Amino acid sequence: MKSGVRKFVFRDLQKIDGYIDPPDALVFLSLIEKQRQEKLYGGLAEIGVYYGRSYFLLRKISAPDDNVLAIDLFDIEADGAQYQRFLDNGRSLGIPVDEDLVITGDSTGLDPQAIIDKVGQVRFFSIDGGHLLRHIVADSRLAKSVLADHGIIAFDDTFNPAWPEVTVGVSDFLRRNSDTFAAFCMTKYKTYVCRRDFHEFYRAALGRARHLLPFEHAEMDFLGSKVLRLHDPINRRVAYELLRRLGLGAISEWAYRPA
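Parameters and conventions
- Residues numbered from 1 in each chain as written.
- Predicted model: local features only at pLDDT ≥ 70, side-chain atom pairs only at ≥ 80, totals over all residues.
- Heavy atoms only, no water.
- Helix = DSSP H or I, 4+ residues; strand = E, 2+ residues; numbered from the N terminus.
- Buried < 20%, exposed > 50% of the residue type's maximum accessible area, 1.4 Å probe, protein only.
- Expected span 1.5 Å × (residues − 1).
- Pairing = 2+ DSSP bridges.
- Axes fitted to C-alpha atoms, helices over the stretch in contact; angles between N-to-C directions.
- Contact = heavy atoms within 4.5 Å.
- Phe/Tyr/Trp six-rings, centres within 6.5 Å; stacked < 30°, edge-to-face > 60°.
- 1 Å grid on protein atoms, 1.4 Å probe; cavity = no way out; pocket = protein on both sides within 12 Å on 5 of 7 lines; lining within 4 Å.
- Points joined across faces, edges and corners; volume = space filled by probe spheres on them.
- Nonpolar A, V, L, I, M, F, W, Y, C, P; charged D, E, K, R; others polar.

**Overview of unusual backbone geometry**
Part 1: Positive phi values are uncommon outside glycine, yet Asp79 reaches one of about 60°.
Part 2: Following the sequence through the fold, Asp79 ends up in the loop between strand 2 (68–72) and helix 4 (81–93).
Part 3: Asp79 gets classed as exposed once you look at its relative accessible area, which sits at 83%.
Part 4: Phi is positive for Asp157, which is not a glycine, with a value near 60°.
Part 5: As for its placement among the helices and strands, Asp157 is situated in the loop between strand 5 (147–156) and helix 7 (164–176).
Part 6: Exposure remark for Asp157: the relative accessible area of 11% places this residue in the buried category.

**Some words on helix 2 (residues 22–37)**
Part 1: Taking 1.5 Å as the rise per residue, helix 2 with 16 residues should run 22 Å; its terminal C-alpha atoms sit 22 Å apart, in good agreement.
Part 2: Where helix 2 terminates, the next one or two residues include Lys39, which has phi positive at roughly 60°.

**Describing the sheet that holds strand 6 (residues 181–186)**
Part 1: With mixed pairing, the nine strands of this open sheet are ordered in space as 3-2-1-4-5-7-6-9-8. Looking at which strands have only one partner, the edges of the open sheet turn out to be strand 3 (102–104) and strand 8 (216–222). The mean inter-strand angle of the sheet, taken between neighbouring strand axes irrespective of direction, is 20°.
Part 2: Relative to strand 9 (residues 225–231), strand 6 is paired through two bridges, and the arrangement is parallel. Within strand 9, the position partnered with Met186 by the bridge is Arg229.
Part 3: In the packing of helix 5 (residues 112–119) onto the sheet, contacts are made with strand 1 (43–47), strand 2, strand 3 and strand 4 (122–127), and the angle to strand 2 comes to roughly 145°.

**Section: the packing of aromatic side chains**
Part 1: Under the defined criterion, the tally for this structure stands at 22 aromatic pairs.
Part 2: Relative to Tyr192, the ring of Phe28 lies with its centre 6.2 Å away and its plane at 85°, an arrangement referred to as edge-to-face. Linking Phe28 in helix 2 with Tyr192 in strand 7 (residues 190–195), this pair joins segments that are 164 residues apart in sequence. Taken as a pair, Phe28 and Tyr192 share a single burial class, namely buried.
Part 3: On the basis of an interplanar angle of 40° and a centroid distance of 5.6 Å, the ring pair of Phe56 and Phe86 is categorised as tilted. Linking Phe56 in helix 3 (residues 53–61) with Phe86 in helix 4, this pair joins segments that are 30 residues apart in sequence.
Part 4: The exposure class of Phe86 is buried, given its relative accessible area of 0%.
Part 5: Feature note: the residues Phe28, Phe124, Phe184, Tyr192, Phe198, Phe201 and Tyr202 constitute an aromatic cluster, connected by ring pairs.

**Some details on the layout of surface pockets**
Gaps left between atoms are located by rolling a probe of water-molecule size over the structure's atoms.
Part 1: The volume enclosed by the largest pocket comes to roughly 780 Å³.
Part 2: Lining the largest pocket are 38 residues, with Gly48, Asp128, Gly129, Gly130 and His131 sitting closest to its centre.
Part 3: Of all the secondary structure elements, the ones that give two or more residues to the lining of the largest pocket are strand 1, helix 3, strand 2 and helix 6 (133–146).
Part 4: Per element, the largest residue contribution to the lining of the largest pocket is three residues, and it comes from helix 6.
Part 5: The residue makeup of the lining of the largest pocket, split by class, is twelve nonpolar, 13 polar and 13 charged.
Part 6: Of the pockets and cavities examined, the second largest pocket occupies roughly 180 Å³.
Part 7: Among the secondary structure elements, those contributing two or more residues to the lining of the second largest pocket are strand 9 and helix 9 (234–245).
Part 8: Broken down by element, the lining of the second largest pocket gets its largest block of residues, three residues, from strand 9.
Part 9: For the lining of the second largest pocket, the class distribution of residues is three nonpolar, one polar and five charged.

Next up, the structure:
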């Protein structure tokens, strides 16, 4: 991994309010790098931008000419304050938001053609919007309809006990589409899904990814598919959190540095 990207993931990105953890940031990086190496092209999209932490990660690790679409209600704060903070965060990171590639509104009523018109078929779709069952049903249907053949869907909070309907929604999506879609990777917070034709390709790619060597790898079965389970070792997590709390965020990436 280039040192500039490590600095961005472990220092710059942490200044932005949000929830993507370093393990998942490194999974995003590994997958998008692999797609680029294999010339698997397409747009990128995210439902649920918040203040932009994972959006700016996608912008940073994709190619400069890749289109990254942001979809959010931007209604957390009054008078457009959330959206303004999103724009300000982009300026502070040196990654200005392309406002032509922002859709402000409810993703559950979004026409798939609106996404295609802006970014084409999507190769990486992050879903972190509404966490009720109806949101997951609608957002997964939307992602499926615009996904490239080699596309990936990353579902957030799939096994978070605070949001049990996310687990139900993702499981229902995989059961309903078991002939074409399967999970290939799970972390503490996210489940990664692709079409079965690319299942082994992505699972094997993550199993060999240098960025992910610091994590414990295990194989598990989930709804009829072999899934790579990436576990964040407690000693690395403690080291990472300790460095951050000591104000040493700039070197916190050391805790997850491959041997």
